[in-house]
Amino acid sequence: MRSVRPALYVWDVVFICWFLLESCYFPVYTHALGFMSKIALAGLYVVLRLSTPTYTLVNILGWSASAALSILSGHGYLQYGGAVSSNNLYFTITGPYSNPAIMAGLMALLLSFLCGMLLFKVVKGRCRHVFLFAIVFALPVFILLDARAAWLAYLVGTGYLVYRRYLTPYKCRGMHLMLMLVGMFCVIGAGAWGLYQKRTASADGRLLVWKIAWGMVQEKPLFGHGAQGFASQYMHHQARYFEQERPMDERLLAGNNVLAYNEPLRIAVEYGLIGLSGYLATVSFLLWGFRPQVPMGYVLKGVLLAFLAYGLFSYPQQQYAMLAWMTVIWSAACGLPGQKALTTAMPIIAVPVQRLALGLLLLAGLSAILHLHRRYAMLHVLLKGRVKDTAEVKDFLGRNMAYLAGDQLYLSWYGRELYQTGQYADCIALLKRWVPKMPHSDHYILWGDCLRETGDLEGAESRYRYATRMVPSRQAARGRLAMLYKVQGRDAEGMALARQVLEEPVKVYGFDTYELHRSLRESFDIN
């Protein structure tokens, strides 16, 4: 495949708009590593666009995809066999991630890409055998991951590739788009219905999230709630939703959530109808404006369609490995022959300049990663309980607030340390600063605990009630509220609430639940 001198394309404009929205309009309270990750993606895109010929990038993509897919699959087999532990108590296979959905989503894109390379014969010889082995080796793990959104994405991407390779009616070119759209919607609709029937509780949970999120869109329809607005506002809206009496099914489904599980809806919440219009314009460009003239173009379009399908039922924006892969795919698609440039061609960067730019980018990235790694390594040591010196723990947590303040785990740990050492005023100050922007029911419970210890029983009751509305199925807040009623002399209300907590079905029964139930039985003398 011949290379094309880089120029400014519609692809570049779309990427620039995404970068400006997600990075420059970035809340100051959000994770420092999140901002750096966006800068790294931008650097990767610029270097690839200005320096790497398309034919070279295609070869790199093929071998990288097969290697990544094989590594992920091997990790999955080891976890399934018990040789390597999973990173999640509830799932056997997660790969190097905390959730199987992340691994499955990335595998869906890699599988779609390699299948397209084979279907359109982009590579020949040994490469085909290597790619075929990677696909066959990965499919069992991909199925065992049991990730419905990833399965659907793979069906959409590969279905498009099969259609373009074998089923395209070449004499009826005007029907191509219509057939592709009808087929894609049929696959998505049938797949979504079948996967809904597979795990209805999980699907109903997402429907509840979408229902509440639609209310967020109606509240600020034009400009939305801003970048990261879904994560910072959703739990407040969920608490508002459960102020009224709701069915028990919905009360059991609700949890601490920061994910929309639907990219168009997340964009509508954060950027309003203006942002959603931009998203729909990008989708329209991929469907109508992107008309590949070479086999590799169909392969890249298949991967892009798989990514869009995955975003309808999951959260690709939160998966950095997937964003990095799609950044490379996007830059490769921009360099394909036949793309209409918005400006005249720009000169390709000379090899020495390429090496210098890449070297500086790698050094800056490595320095930043090591800088943050030192802090996370220490945080990991603290979480494992290897440091017993309370003064040392407090000193570390206080000094690194600027770097780790956007991390829920850090905030929970720091607040708990302050509470356990009796520094209630400092703990409340921390919670006042961060919790309204990063709401979580456990943080409001901790806030209530601090207020109770300082004698503000009314404030404690208010925080416990709010935590209960946020996640009605969680019993921790209601258990504390029952014991608070007993302290206030409201024994009848406390007894009624304690019995409710003890008699209702428990979503997840653990040691904390056992201790809570034991305390309630002892406090209210319930057998």
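See the structure printed just above.
1. Digging into the packing of helix H8 (residues 200–219) against helix H11 (residues 263–289)
Move 1: In the contact formed by H8 and H11, the axes pass within 8 Å of each other and the chain directions differ by 30°. With respect to their mutual orientation, H8 and H11 come out roughly parallel. Between H8 and H11 lies a crossing whose hand is left-handed. Of the residues in H11, those touching H8 at Trp-210, Ala-213, Trp-214, Met-216 and Val-217 are Leu-265, Ala-268 and Val-269.
Move 2: Here the contact of H8 with H11 is built from residues that sort into eight nonpolar, no polar and no charged.

2. Looking at the layout of surface pockets
Move 1: Reported here for the second largest pocket is a volume of approximately 780 Å³.
Move 2: The wall of the second largest pocket is formed by 31 residues, among which Val-14, Trp-18, Tyr-279, Thr-282 and Trp-330 lie closest to the centre.
Move 3: Listed by contribution, the elements that provide at least two residues to the lining of the second largest pocket are helix H1 (10–24), H11, helix H12 (295–311) and helix H13 (320–334).

3. Some remarks on a nonpolar patch on the surface
Move 1: A surface patch of nonpolar side chains, about 510 Å² in accessible area, is lined by Leu-89, Tyr-90, Phe-91 and Val-508.
Move 2: Counting through the fold element by element, Phe-91 comes out in the loop between helix H3 (54–81) and helix H4 (100–119).

4. Overview of unusual backbone geometry
Move 1: Look at Asp-146: it is not a glycine, yet its phi comes out positive at around 55°.
Move 2: Turning to its location among the elements, Asp-146 is positioned in the loop between helix H5 (126–144) and helix H6 (148–167).
Move 3: The backbone phi angle of Tyr-261 is positive, close to 60°, even though this residue is not glycine.
Move 4: You can see Tyr-261 is positioned in the loop between helix H10 (248–253) and H11.

5. A look at empty space enclosed by the protein
Move 1: By the definition in use, this model includes three cavities of 30 Å³ or more.
Move 2: For the second largest cavity, the calculated volume is near 70 Å³.
Move 3: Lining the second largest cavity are Met-248, Arg-251, Leu-252, Pro-472, Ser-473, Arg-478, Glu-504 and Pro-505.
Move 4: Per-element tally for the lining of the second largest cavity: the top contributor is H10, with three residues.
Move 5: Of the residues contributing to the lining of the second largest cavity, the split by class is four nonpolar, one polar and three charged.

6. Brief notes about the packing of H8 against helix H9 (residues 229–241)
Move 1: Look at H8 against H9: their axes get within 10 Å of each other, and the N-to-C directions meet at 105°. With respect to each other, H8 and H9 are oriented roughly perpendicular. Together, Leu-208, Val-209, Lys-211, Ile-212, Ala-213, Met-216 and Glu-219 of H8 and Gly-229, Phe-230, Gln-233, Tyr-234, His-237, Gln-238, Arg-240 and Tyr-241 of H9 make up the contact between the two elements.
Move 2: The residue inventory of the contact of H8 with H9, partitioned by class, reads eight nonpolar, four polar and three charged.

7. So, the environment of Ala-67
Move 1: In this structure, Ala-67 sits in helix H3.
Move 2: In the structure, Ala-67 is positioned 63 residues away from Val-130 in sequence and 9.3 Å away in space, judged by C-alpha atoms.

8. What about the side chain of Arg-478?
Move 1: As for its placement among the helices and strands, Arg-478 is situated in helix H21 (residues 476–487).
Move 2: By relative accessible area, Arg-478 is classed as buried at 4%.
Move 3: Polar contacts involving the side chain of Arg-478 include one to the main-chain carbonyl oxygen of Pro-472, which spans 3.2 Å.
Move 4: Side chain to side chain, Arg-478 and Gln-500 meet in a polar contact 3.2 Å long.

9. Points about H5
Move 1: Here H5 contains 19 residues, and its C-alpha end-to-end distance of 29 Å stays within 8% of the 27 Å for a straight helix at 1.5 Å per residue.
Move 2: The sharpest bend along H5 reaches about 30° and sits at Ala-138, with the proline Pro-140 one to four residues further on.
Move 3: Considered for burial, the residues of H5 that qualify are Cys-127, Phe-131, Ala-134, Ile-135, Ala-138, Val-141 and Phe-142.
Move 4: In the stretch just after H5, Asp-146 is the one whose phi turns positive, near 55°.

10. Things to note about the nonpolar core
Move 1: Among the nonpolar cores identified, the biggest contains 143 residues, and Trp-11, Phe-113 and Trp-325 are the most heavily contacted of them.
Move 2: Residue contributions to this core peak at 16 residues, all from H4.
Move 3: Leaving out residues up to four positions away in the same chain, Trp-11 has contacts with Tyr-45, Phe-285, Leu-286, Phe-290, Leu-304, Trp-330, Ala-333, Cys-334 and Gln-339.

Basis of the calculations
- Residues numbered from 1 in each chain as written.
- Predicted model: local features only at pLDDT ≥ 70, side-chain atom pairs only at ≥ 80, totals over all residues.
- Heavy atoms only, no water.
- Axes fitted to C-alpha atoms, helices over the stretch in contact; angles between N-to-C directions.
- Helix = DSSP H or I, 4+ residues; strand = E, 2+ residues; numbered from the N terminus.
- Parallel < 35°, antiparallel > 145°, perpendicular 65-115°, else oblique.
- Left-handed = near helix turned anticlockwise from the far one by under 90°.
- Contact = heavy atoms within 4.5 Å.
- Nonpolar A, V, L, I, M, F, W, Y, C, P; charged D, E, K, R; others polar.
- 1 Å grid on protein atoms, 1.4 Å probe; cavity = no way out; pocket = protein on both sides within 12 Å on 5 of 7 lines; lining within 4 Å.
- Points joined across faces, edges and corners; volume = space filled by probe spheres on them.
- Patch = residues over 30% accessible without salt bridge, like charges linked within 9 Å, V, L, I, M, F, W, Y side chains within 5 Å.
- Areas by Shrake-Rupley, 256 points an atom, 1.4 Å probe, with all protein chains shown as cover.
- Salt bridge = Lys/Arg side-chain N within 4 Å of Asp/Glu carboxyl O.
- Buried < 20%, exposed > 50% of the residue type's maximum accessible area, 1.4 Å probe, protein only.
- Polar contact = N/O pair within 3.5 Å; in protein donor to acceptor, adjacent residues only side chain to side chain.
- Expected span 1.5 Å × (residues − 1).
- Bend = angle between axes of the 7 residues up to and from the residue.
- Core = buried A, V, L, I, M, F, W, Y, C linked by side-chain atoms within 4.5 Å.

Everything listed is a geometric property; what it means functionally is a separate question.
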